[in-house]
Amino acid sequence: MAERVDPFTLVFGALAEERFPEVAGSLRTAGRDETDRDAFVLDRAVIELLQDLVPEPHEEGQIAEFLATLHHAYLYWRAGRRLVAFDRTQAAKLLTPVAADASASDQPPIRPSAYYQFPERLVWAQLTPDAPHEPLDGFFARQTDHGIISVLGVFGVHPARPGFGVAEAVGTRPPSLTRPDGSPSFSPVLPGGDAAGLHSLVGTDELLELGSRSASEVV
């Protein structure tokens, strides 16, 4: 079995240790709040790094995806690159559906950025309407004050693939999780998913909820 790839290493590798200290110093000198993306993207060192990362020509929306990935990866690096890998038993607990209004009963604690990794090919999502479903590797997540959660899901990680798909969700923990078709949250939408014991993420609320649960589960 091939060794599992860390998405941070896959995209940034040695580049992080080479360029992120420069970014940190530039942000500090300019007095910018590194957690504020609007301030982050205005920094000279960030702009230069982003220009080096985004391929030319690039598709519409690709810069926003690269910026989100860069910002989450930078904050993950600043927080000490904490990676939390859940086994199948832990993941099953996190993916258990909850009754309406139960998900937001507690205010989530403040948590610095970390990467929460799920068992391979357990959770799937369709990132755009016409795209194939991709497996969730995990997500960068951090919880700030006022209950704001910032989650960047990472999908389709593979050693032979130069990159991965991402989906971002930012907001407060959902007051309830209700799918339009009435199916339980995190239940599979892939054909044969029930028999295979799979799960699916549908919409940003489920991504926010899973991110909050994962961060709250780990001290």
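Residues numbered from 1 in each chain as written. Predicted model: local features only at pLDDT ≥ 70, side-chain atom pairs only at ≥ 80, totals over all residues. Heavy atoms only, no water.

**Student:** What am I meant to see in the overall build of the protein here?
**Tutor:** Along its length, the protein carries eight helices and seven strands. When the 219 residues of the protein are sorted by exposure, 47% land in the buried category. Of the contacts made within the protein by residues no fewer than 6 positions apart, 63% connect residues no fewer than 24 positions apart. A total accessible area of about 11200 Å² is found for the protein, and carbon and sulfur atoms account for 53% of it. (Helix = DSSP H or I, 4+ residues; strand = E, 2+ residues; numbered from the N terminus. Buried < 20%, exposed > 50% of the residue type's maximum accessible area, 1.4 Å probe, protein only. Contact = heavy atoms within 4.5 Å. Areas by Shrake-Rupley, 256 points an atom, 1.4 Å probe, with all protein chains shown as cover.)

**Student:** Please explain the packing of aromatic side chains as it appears in this structure.
**Tutor:** Aromatic ring pairs are described here by two measures, namely the spacing of the ring centres and the angle between the planes. Per the stated rule, a full pass over the model turns up 15 aromatic pairs. Aromatic ring contacts, followed pair by pair, group Phe8, Phe12, Phe20, Phe40, Tyr74, Tyr76, Trp77, Tyr115 and Phe140 into a single cluster. (Phe/Tyr/Trp six-rings, centres within 6.5 Å; stacked < 30°, edge-to-face > 60°.)

**Student:** Explain helix H4 (residues 44-53) here, please?
**Tutor:** In an α-helix, one full turn covers 3.6 residues, which means residues spaced three or four apart are oriented alike. Within the span of H4, buried status applies to Ala45, Val46, Leu49, Leu50 and Leu53. Buried residues of H4, seen end-on, are gathered within an arc of 130 degrees and therefore sit on one face of the element. More than 90 degrees from the buried face of H4, the exposed residues found are Gln51 and Asp52. Next to the buried residues of H4 lie helix H2 (14-30), helix H3 (37-40) and helix H5 (62-78). (Arc of directions from axis to C-beta.)

**Student:** Honestly, the nonpolar core in this entry has me stumped. Any pointers?
**Tutor:** Note on soluble globular proteins: their nonpolar side chains tend to be buried together. Of all hydrophobic cores here, the largest spans 30 residues; its most connected members are Phe8, Phe12, Phe20, Val23, Phe40, Leu70 and Tyr74. When contributions to this core are tallied by element, the ones reaching two or more residues are H2, H4, H5 and strand S5 (148-155). With eight residues, the top contributor of residues to this core is H5. Ignoring sequence-local partners within four residues, the contact set of Phe20 consists of Phe8, Phe12, Leu15, Leu49, Leu70, Ala73, Tyr74 and Trp77. (Core = buried A, V, L, I, M, F, W, Y, C linked by side-chain atoms within 4.5 Å.)

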